Structures are given as structure tokens and as C-alpha cells.
Number of protein chains: 2
Amino acid sequence: MENPSRYLDALAKEFTRLPGIGAKSASRLACHILKMRDDDVFSLAGALIELKKNIVTCEVCGGISDSGICSICADKSRDISMLCVVENAKDIITIEAAGGFRGYYHVLSGLISPLDGIGPDELNISALIKRCASARPVEIILALNPTIEGDATSLYLAGLISPMSIAVSRIARGLPVGADLEYADSATIIKSIEGRVRM
Amino acid sequence: MENPSRYLDALAKEFTRLPGIGAKSASRLACHILKMRDDDVFSLAGALIELKKNIVTCEVCGGISDSGICSICADKSRDISMLCVVENAKDIITIEAAGGFRGYYHVLSGLISPLDGIGPDELNISALIKRCASARPVEIILALNPTIEGDATSLYLAGLISPMSIAVSRIARGLPVGADLEYADSATIIKSIEGRVRM
């Protein structure tokens, strides 16, 4: 096999570093780049560099930010009584995209996972406790993934925060909207029955 | 909805210009970029710019190239008796990746499509005829997509080249390898019977 351009090869190889992009998609993307207008490609390349150069960690929530404090933490119109704890900055974007939550966030930057050598000290937990003590939210919502690590971290955080007289909740488990009981796994069905809600 | 970073927003928007990448994938890619090492991101951005700045059209085949003549056209070890005609430069990469063909290529840069206002004059056909006259290949293989435009272009080219005493063939139509007769469409089944081969 011969490839007529090493620049095309190089770009395709770079694309394969991205998640969900295999050799074939990478080659298709690289060929698409070839056909794009120069300006559009330069603006994509520029956006990549700008992101890496300018993004910082928010001093308050530990999420991503363009300046010292992120736009969500700086937004005084949000509900100060609710603090939503998430695993990583991407989860903030996901929850914001869904809409409906108007409180603040706190990013742990990971989950407790002894097998991977990640204990509570490796996570952004001490800042969370300080924030609970100073901002005194009414409720902490733990929005961690429903996995063993997520559950272990939720239990650990509940043990730390509950004694501070702050309500601690975790997001519900059950059938996703639009799902079919027939195709749901048994663990989800059990959780949905355990978590049943009065009508 | 609030997004904590306009740089992240900007990059995600750039990603949605690429084929097969919707808003959600774009956001996931942008978040992945955040986690990548600076060097890796700069090298991706660099590869994008390098590609756009350096790639040219091969003077011989009309495909892509890093210099005046592409590496395939410059490779004297290939089989000069076979010339494979393709729609675009990407098809060369696809055929080369499959391996097995050792001749040269010629890129039409499109297909005859009167509805889109593309006639023979808009395509890289006169260069093909000149090449046939000078290089005198034994066989021209038309490897165009099995669509109405591909068939029309193949017929047109066969009409031009056959009088030059050069054999003209087109790639076979039939069941793809690994396919199941039960799920094949009827047009493909008919083509596979028409194109049956003696065993």
C-alpha cells in the first residue's frame, strides 16, 4: 500500500488519537479536511490551540474556565442552596445541556478507586468540604455515575457531609425515559422498584 | 444552559463541520482535547495546517501529492500496463489500502452529472485521453461507483478509449464478501447473476 501524501497520513494518524475514531474514519476525516476551505481548516486548528492555551481550572468548583472563576460560579443569579457534585468537568456541560438545574457545581476530578490507586486525597474533596462549611448550601446532590466507584465515592462523601447538617442526595436510578421494561437489565429494574415514587 | 468555556464551545462548533460528527460527538471530542497533552494537540493542529499548506494536485494523475508528481506516479516499479480511473483522490487511498492493484491511477475529480451541471469538460478527462495516447496502457480499469452517474461516466469513457485499441473494463458488481443472499437488495442480486463467473 502506498499513500500519495505523507501530510494526509500524518493528519489521519493524529485523528486516530481521538476517541471513537478508527483508522478508516481518520482517513475519511483527513480527506474531508482536504476539501474544506483553507480558512475553515485554519480556524479549526486555531480553536484547538486556543483551547489548550487559554483554559484553566476554576478556582471555586475545580471545573474548566476561561478565567480564574468560571462563568457558572461567577453567575450570582443561580440557586446558592444547591451544590451538585460531579466526577469531571464534562458532566457539568452534560447537566447544563439538559437544563433544569440552576444550582452550582463541584468537580471531584475522578472517583475513589483503590484498584487504580485513587484515594480520597487524590480528589478535589477537601475544597468541597471547605465550600460546604463556608457557602452552607442546603443540599448536596451527588451526580456520580451509577458504578461501583461512583457508589463508593457517594457513600464516602455522604459520610463526610451529613454531620455538617447539610442534606445529601444522589441522583435517581431507574428506567431511562423512553425505555422498554422488556429490554432493561435486571439491576436497573431492581433499582427502579427500590426507588419507586408515590403518585 | 451555560457552558463554562467559550474556547470549548468554539472548538466543539468547529468539530461539527466534520462529516459524521454531530453536536454531542463534537462536545465529547472537545472535552477529550482538554485532557490531551499540549504537545499532542499542537501536533494535531500542526498536521491540519501542514496538510492545507503543502498539498498539491499531482501533474500526472490529478490526485493529491506532496510535490509536483505523486509518489505513486513517480514509482517506476508499478505495472505500466494498467491504468485505474477513479472519481476522486480518496478512492486511490481506498484501493491502495485494499492492496492487490499495482498499476497507476487517474483521478477524474467528479462524475458526469447533467443535473448538477457537470459535463465531461468539467472533469479531468482530456488529460486521461492524452495519457492513454502517450503511455499506451494495455487496459483501463474504470473503478467508478455503481451509481447512475458512475455508469454514465463509465459508458462515456469507454466510448472515447475503446477506439484507441485499449481494453476498457469496469470493476465487478455482485455480493460483497461475507454478505448474505437473504439480505442483499434485488439490484445487486441481478447484477451478481448477470456477472457470474465460470468455475
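Anything mentioned here points back to the structure above.
Residues numbered from 1 in each chain as written. Chains lettered and ligands numbered in written order. Predicted model: local features only at pLDDT ≥ 70, side-chain atom pairs only at ≥ 80, totals over all residues. Heavy atoms only, no water.

Please explain unusual backbone geometry as it appears in this structure.
Note: most peptide bonds trans; most residues except glycine with negative phi. All names here are of chain A. Despite not being glycine, S109 has its phi angle at roughly 60°, a positive value. Residue placement: S109 occurs in the loop between β4 (104-107) and α5 (125-135). Here S165, not a glycine, exhibits a phi torsion of approximately 60°, which is positive. With respect to the helices, strands and loops of the structure, S165 is situated in the loop between α6 (148-161) and β6 (167-170). (Helix = DSSP H or I, 4+ residues; strand = E, 2+ residues; numbered from the N terminus.)

Got a minute to help me understand the interface of chain B and chain A in this structure?
One frequently used descriptor of interface size is the decrease in accessible area upon assembly of the parts. Taken residue by residue, the interface counts 56 residues in chain B and 56 residues in chain A. A buried area of about 5,400 Å², summed over both sides, lies between chain B and chain A, and 71% of it is on carbon and sulfur atoms. One can count four salt bridges joining chain B with chain A. Inspection of the region where chain B meets chain A yields 13 residue pairs in polar contact (both at pLDDT 80 or more). Secondary-structure elements contributing two or more residues to the side of chain B that touches chain A are α1 (6-15), α2 (23-35), α3 (38-54), β2 (64-65), α4 (71-74) and α5 (89-98) of chain B. Looking at the side of chain B that touches chain A residue by residue, the class counts come to 30 nonpolar, eight polar and 18 charged. (Contact = heavy atoms within 4.5 Å. Buried area = accessible area lost by both parts, 1.4 Å probe. Salt bridge = Lys/Arg side-chain N within 4 Å of Asp/Glu carboxyl O. Polar contact = N/O pair within 3.5 Å; in protein donor to acceptor, adjacent residues only side chain to side chain. Nonpolar A, V, L, I, M, F, W, Y, C, P; charged D, E, K, R; others polar.)

Looking at this model, I keep getting lost on the sheet that holds strand β4 (residues 104-107) of chain B. Mind explaining?
Strand pairing within a sheet occurs via backbone hydrogen bonds; the two strands may be parallel or antiparallel. Residues and elements named next belong to chain B. Pairing within the open sheet is parallel, and its four strands lie in the order β4-β3-β5-β6. What marks the edges here is a single partner per strand, and that holds for β4 and β6 (167-170). The sheet shows a mean angle of 25° between the axes of neighbouring strands, taken without regard to direction. Pairing analysis gives four bridges linking strand β3 (residues 82-86) to β4, with the strands arranged parallel. When the bridges of β4 are listed, V86 appears paired with V107. Along the sheet, α5 makes contact with β3 and β4, crossing β4 at roughly 155°. Across the sheet, helix α7 (residues 148-161) lies against β3, β5 (139-142) and β6, angled at about 170° from β5, the strand it touches most. (Pairing = 2+ DSSP bridges. Axes fitted to C-alpha atoms, helices over the stretch in contact; angles between N-to-C directions.)

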